[in-house]
Amino acid sequence: MLLNCCLVNEPMVVRDVGRLRLPQIGRVAPYNGDVPFLVLDAQDQPVVSVLDYLRTCQACGFEPLSIEAYSRALLRWFRFLWAVEVPWNRATSVEARDFTLWLQQNKFHRRRPRPGRAGTVNAQTGKRRPGAGTAPATINQTLSVVSEFYRHHMSVGAGPLLNPIPARRPGPGGERYAAHHNPLQAFPSSRKSPLRQKVPKRAPRSLPDAAFDELFAAMKYDRDRALLAFYVSSGARPSELLGLSNRLVDPGNQTIGVVRKGTKALQHVPASPDAFVWLRLYQRDLPASCLRRSAPVFWTLRRPLRPLEYDAARAVLLRAQETLGTDWSLHDLRHTALMRMSQDLNLVEVRDIAGHGSLRSTEPYLQPRQEEVLAHAREHFERLRDPQRRHDAQPHLPSSVLGYDADDMLELFGGVR
């Protein structure tokens, strides 16, 4: 719906985004050509401008899952443009602003949502279920993809003269933000880019030991127990562990070889002895064809056996949590493993096992868990209530370690022997 108003004697058209309803036309479809996914329009034909950009992404070595995420972000943008009847190469910052307003009032669910009502917080995990609007991180990711889409077409002379997505204001002299940033220092403070949403900074979500034991006990099969044991001890990403093959499992050295998600480099990471025990119990019931060195480690339970994929592994976790009332994810297990390692290993070692490219990505795992902070706070309040415990908690007098005799110190300052 459009609202007519007047500003400085000039007519202006303002969209009533709250009443805007986007038609569910177009879709993202798998493709076996030079790109893994296509964005199709209402006539089920590829959107040429998007196809050209996705081909560039493919040539730059983007992962198939990244190209799929880019395709879905661009489909949202094009659905909005189709609804307001604006050609993609005529879009301005006004369309970008209205698109952001519309995103704030809508949500997208690719997978089955977490149990519970919208906007509520799970009492056991502390996770908030998606509410009525799109998550701030999703809005920022969508705007970034659309901005790169227009930057690509502007570079080849096929798009508008100006990018409709406002960019961060340049630094002194017209330089880009942090153009000469020293990686050993923190980034300089700066205002966020226009239209970008505030994303709250949270500590990595990890499972307390009792919660993991409860989740592990809910697993019905040795395959699922082995999967959880490897996740929570190796710190591998969900897709990295599911791509594990038998030749990369080394029980003697208690390591597994995973292909890193970004660099595609093969890296051997440690795993717990219990994980190898559960793996051996699982493999004793597998046919010989599944035990070949080149075969995947994890398979489906139903026949015909197929390699276990991410959606199936996620479904295993969701089914086990239906009776527990929790909503942990596979990536939470990776956070749990790295949080545990940070208590015994140094930061560089944790970064190497996690496969992070920078220590900045590993630093959040040094933060204490929320349940540990709360437990220490409760102990603090208990000491304040108990005079005897408060007296015992007082620091002791200097001892002979400092070079003074303890009896002399007591004689001089007094105290209780």
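Residues numbered from 1 in each chain as written. Predicted model: local features only at pLDDT ≥ 70, side-chain atom pairs only at ≥ 80, totals over all residues. Heavy atoms only, no water.

Asker: Just checking my understanding: could you explain the overall build of the protein chain for this structure?
Answerer: From N to C terminus, the protein chain includes 15 helices and seven strands. Split into buried and exposed, the 417 residues of the protein chain put 36% on the buried side. Residue pairs at least 24 apart in sequence account for 57% of intrachain contacts in the protein chain once pairs closer than 6 positions are excluded. (Helix = DSSP H or I, 4+ residues; strand = E, 2+ residues; numbered from the N terminus. Buried < 20%, exposed > 50% of the residue type's maximum accessible area, 1.4 Å probe, protein only. Contact = heavy atoms within 4.5 Å.)

Asker: Could you clarify how one ought to interpret the side chain of Arg 223 in this entry?
Answerer: With respect to the helices and strands, Arg 223 occurs in helix H6 (residues 222-234). Residues contacting Arg 223, with those up to four places away along its chain left out, are Tyr 282, Phe 298, Trp 299, Thr 300, Leu 301, Leu 308 and Val 316.

Asker: Sorry, what's going on with the packing of helix H1 (residues 48-59) against helix H2 (residues 64-84) here?
Answerer: The interhelical angle for the contact between H1 and H2, taken along N-to-C directions, is 160°, at an axis separation of 11 Å. Considering their axes alone, H1 and H2 lie roughly antiparallel with respect to each other. Crossing hand, H1 versus H2: right-handed. Two secondary-structure elements touch here, H1 through Ser 49, Val 50, Tyr 53, Leu 54, Cys 57 and Gln 58 and H2 through Ile 67, Tyr 70, Ser 71, Leu 74 and Phe 78. (Axes fitted to C-alpha atoms, helices over the stretch in contact; angles between N-to-C directions. Parallel < 35°, antiparallel > 145°, perpendicular 65-115°, else oblique. Left-handed = near helix turned anticlockwise from the far one by under 90°.)

Asker: What is the right way to look at the sheet that holds strand S7 (residues 266-270) in this model?
Answerer: Strand pairing in a sheet relies on backbone hydrogen bonds. The paired strands run either parallel or antiparallel. One open sheet accounts for three strands, arranged S5-S6-S7; its pairing is antiparallel. Lying at the two open borders of the sheet, with one neighbouring strand each, are strand S5 (249-250) and S7. Judged from the two bridges that link them, S5 and strand S6 (residues 255-259) form a sheet pairing that is antiparallel. Note that in S6 the partner of Val 249 across the bridge is Ile 256. (Pairing = 2+ DSSP bridges.)

Asker: It is not clear to me how the state of the cysteines should be interpreted in this structure. Could you clarify?
Answerer: Between two cysteines, a covalent bond joining their sulfur atoms is known as a disulfide. Using the criterion set out here, one finds zero disulfides in the structure. Unpaired in this structure, Cys 57 has its nearest cysteine sulfur neighbour in Cys 60, at a distance of 6.6 Å. For Cys 57, a relative accessible area of 4% gives the class buried. When its relative accessible area of 55% is taken as the criterion, Cys 60 is described as exposed. (Disulfide = S-S within 2.5 Å.)

Asker: Help me understand the environment of Phe 149, please; the structure alone is not making it clear to me.
Answerer: Looking at where Phe 149 falls in the secondary structure, it is placed in helix H4 (residues 136-155). Accessibility expressed as a relative area gives 0% for Phe 149, which makes it buried. C-alpha of Phe 149 to C-alpha of Ser 49: the two residues are 100 residues apart in sequence and 8.8 Å apart in space.

Asker: Where do I start with unusual backbone geometry in this structure?
Answerer: A negative phi angle characterises most non-glycine residues, just as the trans form characterises most peptide bonds. Going from Arg 303 to Pro 304, the amide bond is cis rather than trans, its omega being 0°. Here Pro 304 shows up in the loop between helix H8 (273-283) and helix H9 (310-321). In this model, Leu 195 sits at a positive phi of 75°, which is unusual for a non-glycine residue. Looking at where Leu 195 falls in the secondary structure, it is placed in the loop between H4 and helix H5 (209-217). With phi around 65°, Lys 264 is a residue other than glycine that occupies positive phi space. According to the relative accessible area criterion, Lys 264 is partly exposed, its value standing at 48%.

Asker: Just to check I follow, could you spell out the pairing of S7 for this structure?
Answerer: A regular strand places its side chains so that they alternate between the two faces of the sheet. Because side chains alternate across S7, one face comprises the buried residues Gln 267 and Val 269, and the other comprises Leu 266, His 268 and Pro 270, none of which is buried. Alignment of S6 against S7, held across five bridges, turns out to be antiparallel. Paired with Val 259 across the strands is Leu 266, a residue of S7. Linking S6 back to S7 in an antiparallel pair, the connection comprises six residues, with Lys 264 at a positive phi of about 65°.

Asker: Would you mind showing me how to read helix H10 (residues 330-342) here?
Answerer: Three or four residues apart is the spacing at which side chains of an α-helix point the same way, because the helix has 3.6 residues per turn. Helix length check: H10 (13 residues) gives 19 Å between terminal C-alpha atoms against 18 Å at 1.5 Å per residue, within 8%. With respect to burial, H10 is a largely interior element, 11 of its 13 residues being buried. Within H10 the residues assigned to the buried category are Leu 330, Asp 332, Leu 333, Arg 334, His 335, Thr 336, Ala 337, Leu 338, Met 339, Met 341 and Ser 342. The inward-facing, buried residues of H10 contact H5, H6, helix H7 (238-242), H9 and helix H11 (347-354). (Expected span 1.5 Å × (residues − 1).)

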